[in-house]
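Each chain, letter by letter, is given below.
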Amino acid sequence: MNNNISNKPLVGIIMGSKSDLNIMQDAADVLKGLDVNFEITVVSAHRTPDRMFEYAKSASGRGLKVIIAGAGGAAHLPGMVASITHIPVIGVPVKSSNSIDGWDSVLSILQMPNGIPVATVALNAAKNAGILAAQILATADEDLAQKLIEFKEELRKKVEASAEEMEGK
């Protein structure tokens, strides 16, 4: 699914199961807010390995510049995708129903062997994955860089407003 049919997606958001969508939607929302074209789908490393292989192998040729891969439990999806493609992969560990407090997912994504890096965000932190994907793209896109500067300025303003409210100013 593309958020904008007129342009090719630059970011692929994939997850091991549709049940991960409630977490992974945060990445989609961030990208949508920054006007970054993306696609989103389910690709399971364990249940659909051929689909995973084809997705990762074709990603660059389809114009993707970054892949965000969310997975719970054993969480092999981000690492397996990173082993197949040369484009950056951002892993989102998802605390799933069969998870060991999410630590199994975190460590599965974080502990990649040398040569197959996966950028890893915090447990369930798909929003940060969306921001990181946009930051990667912004190294070659001045307009997107400006949107990120404005985004971070809004974060600063919210903290300042909260501090003033708490301090009674």
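These numbers come from a predicted model, not from an experiment.

Analysis parameters
Numbering of residues begins from 1 in every chain and follows the order in which that chain's sequence is written. Restriction of local features to residues with pLDDT of at least 70 applies here, the model being predicted, together with a cutoff of 80 or more for giving and counting side-chain atom pairs; totals for whole chains, interfaces and linings are based on all residues. The side-chain figures draw on all heavy atoms in the structure; neither hydrogens nor water molecules are used. Residues belong to one nonpolar core when they are buried, are Ala, Val, Leu, Ile, Met, Phe, Trp, Tyr or Cys, and are joined through side-chain atoms within 4.5 Å. Buried, partly exposed and exposed residues are distinguished by accessible area as a fraction of the type maximum, computed with a 1.4 Å probe on protein chains only: under 20%, between the cut-offs, and over 50%, respectively. Helix numbers and strand numbers start at the N terminus; a helix is a DSSP run of H or I with at least 4 residues, a strand a run of E with at least 2. Between two residues, a contact is recorded if the distance between any of their heavy atoms is within 4.5 Å. Only the contacting stretch of a helix is used when fitting its axis, a line to C-alpha atoms as for every element, and angles between N-to-C directions run 0 to 180 degrees. Orientation is classified from the angle alone, with under 35 degrees giving roughly parallel, over 145 giving roughly antiparallel, 65 to 115 giving roughly perpendicular, and any other angle giving oblique. Put simply, a crossing is left-handed when the front helix is turned counterclockwise from the back one by less than a right angle, and right-handed when it is turned clockwise. Polarity classes work like this: nonpolar for Ala, Val, Leu, Ile, Met, Phe, Trp, Tyr, Cys and Pro, charged for Asp, Glu, Lys and Arg, and polar for all others, with Gly in that last group. Here the rule is simple: two strands pair whenever DSSP picks up at least two bridges between them. Place the viewer so that the strands point away; then a crossover is right-handed whenever the path from the first strand over the helix to the second strand goes clockwise.

1. Here's the deal with the nonpolar core
At step 1: Ranked by size, the top nonpolar core spans 29 residues in total, and within it Val 11, Ile 13, Leu 31, Ile 68, Val 92 and Leu 144 carry the most contacts.
At step 2: Sort the elements by how many residues they give to this core and helix 5 (residues 126-138) lands first, with seven residues.
At step 3: Aside from chain neighbours lying at most four places away, what touches Leu 144 is Leu 34, Val 36, Ala 134, Leu 137 and Ala 138.
At step 4: Of all hydrophobic cores here, the second largest spans 19 residues; its members include Ala 56, Ala 59, Val 81 and Val 118.

2. Comments concerning the packing of helix 5 against helix 6 (residues 142-167)
At step 1: At a closest axis distance of 8 Å, the pairing of helix 5 and helix 6 adopts a crossing angle of 140°. Compared by their axis directions, helix 5 and helix 6 come out oblique. Crossing of helix 5 over helix 6 shows left-handed handedness. Along the contact surface, helix 5 presents Lys 127, Ile 131, Ala 134, Gln 135, Leu 137 and Ala 138, while helix 6 presents Leu 144, Ala 145, Leu 148, Phe 151 and Lys 152.
At step 2: Among the residues forming the contact of helix 5 with helix 6, the class breakdown is eight nonpolar, one polar and two charged.

3. Some words on the pairing of strand 3 (residues 66-72)
At step 1: Across the seven residues that make up strand 3, a large majority, six, are buried.
At step 2: Taken together, the five bridges between strand 1 (residues 11-15) and strand 3 define a ladder with parallel strand orientation. Residue pairing across strands places Ile 13 opposite Ile 68, the latter belonging to strand 3.
At step 3: Pairing between strand 3 and strand 4 (residues 89-94): six bridges, direction parallel. Bridge pairing links Gly 70 to Val 92 in strand 4.
At step 4: In this region the chain leaves strand 3, passes through helix 3 (residues 77-84) and returns to the parallel neighbour strand 4; the handedness of that crossover is right-handed.

4. Looking at the environment of Ile 109
At step 1: Positionally, Ile 109 belongs in helix 4 (residues 103-110).
At step 2: Classification of Ile 109 by relative accessible area gives buried; the value is 0%.
At step 3: Distance in space between the C-alpha atoms of Ile 109 and Arg 62 is 25 Å, their sequence separation being 47 residues.

5. Let's talk about the sheet that holds strand 5 (residues 119-120)
At step 1: In spatial order, the strands read 2-1-3-4-5; together these five strands make up an open sheet with parallel pairing. Strands with a single pairing partner mark the edges of an open sheet, and in this sheet they are strand 2 (38-42) and strand 5.
At step 2: The sheet strands contacting helix 4 are strand 3, strand 4 and strand 5, and the helix crosses strand 4 at an angle near 165°.

Nothing here speaks to function; it is geometry throughout.
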